[in-house]
Amino acid sequence: QEQLVESGGGLVQTGGSLRLSCTASINIFSYNTMAWYRRPPGKERELVATVTNTAVTNVADSVKGRFTISRDYRKNTLYLKMNSLKPEDTAVYYCLGTYRGENYWGQGTQVTVSS
């Protein structure tokens, strides 16, 4: 079984919203940091947002004011709430957790934003 599994991707129109989920097979408090990355078509993977176990968050300039990262410790789930989506947000989104000096990646979930 994979340690992290993403879900919630789909097809939306410009201006729409989605909430991505990343469920973990371990207590997510074990991850010192968690993050969302994305890989747009034909481009390199890029960092979207991070959150620490001290609740410090950071969001990339490209999505600032539109995306929010959060963790639900009871559900062992990382979220990415995405509002005001644009076609440039189209990408495969990946969840990352860093645990005991190692990085663990989810399989990715596709987000497509139509014009």
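Computed from a predicted structure; not experimentally measured.

Pairing between sheet strands relies on hydrogen bonds along the backbone, with the strands arranged either parallel or antiparallel. The strand order across the open sheet formed by 4 strands is E1-E3-E8-E7, and the pairing between neighbours is antiparallel. Single-partner strands in this sheet number two, and they are strand E1 (4-7) and strand E7 (67-72). Pairs of neighbouring strands in the sheet enclose a mean axial angle of 15°, with direction left out of account. Sheet analysis places strand E3 (residues 18-24) next to strand E8 (residues 77-82), joined by 6 bridges and oriented antiparallel. Directly across from Leu20, in E8, lies its bridge partner Leu80.

Turning our eyes to something else, we now look at the side chain of Arg38. Mapped onto the elements, Arg38 comes out in strand E4 (residues 33-39). Looking at Arg38, its side chain comes within polar contact range of the side chain of Glu46, at 2.7 Å. Engagement of the side chain of Arg38 in a polar contact is seen with the side chain of Asp89, the distance being 3.0 Å. Those residues in contact with Arg38, other than ones at most four positions away along the chain, are Glu44, Arg45, Glu46, Val48, Ser62, Val63, Phe67, Glu88, Asp89, Ala91, Val92 and Tyr93.

Our next topic: a positive patch on the surface. Residues Arg19, Arg74, Lys75 and Lys81 make up a contiguous surface patch of positive charge. With respect to the secondary-structure elements, Lys75 resides in the loop between E7 and E8.

What counts and what doesn't
- Residues numbered from 1 in each chain as written.
- Predicted model: local features only at pLDDT ≥ 70, side-chain atom pairs only at ≥ 80, totals over all residues.
- Heavy atoms only, no water.
- Pairing = 2+ DSSP bridges.
- Helix = DSSP H or I, 4+ residues; strand = E, 2+ residues; numbered from the N terminus.
- Axes fitted to C-alpha atoms, helices over the stretch in contact; angles between N-to-C directions.
- Polar contact = N/O pair within 3.5 Å; in protein donor to acceptor, adjacent residues only side chain to side chain.
- Contact = heavy atoms within 4.5 Å.
- Patch = residues over 30% accessible without salt bridge, like charges linked within 9 Å, V, L, I, M, F, W, Y side chains within 5 Å.
- Areas by Shrake-Rupley, 256 points an atom, 1.4 Å probe, with all protein chains shown as cover.
- Salt bridge = Lys/Arg side-chain N within 4 Å of Asp/Glu carboxyl O.
- Lys, Arg positive; Asp, Glu negative; His and termini not counted.
- Charge placed at Lys NZ, Arg CZ, Asp CG, Glu CD.

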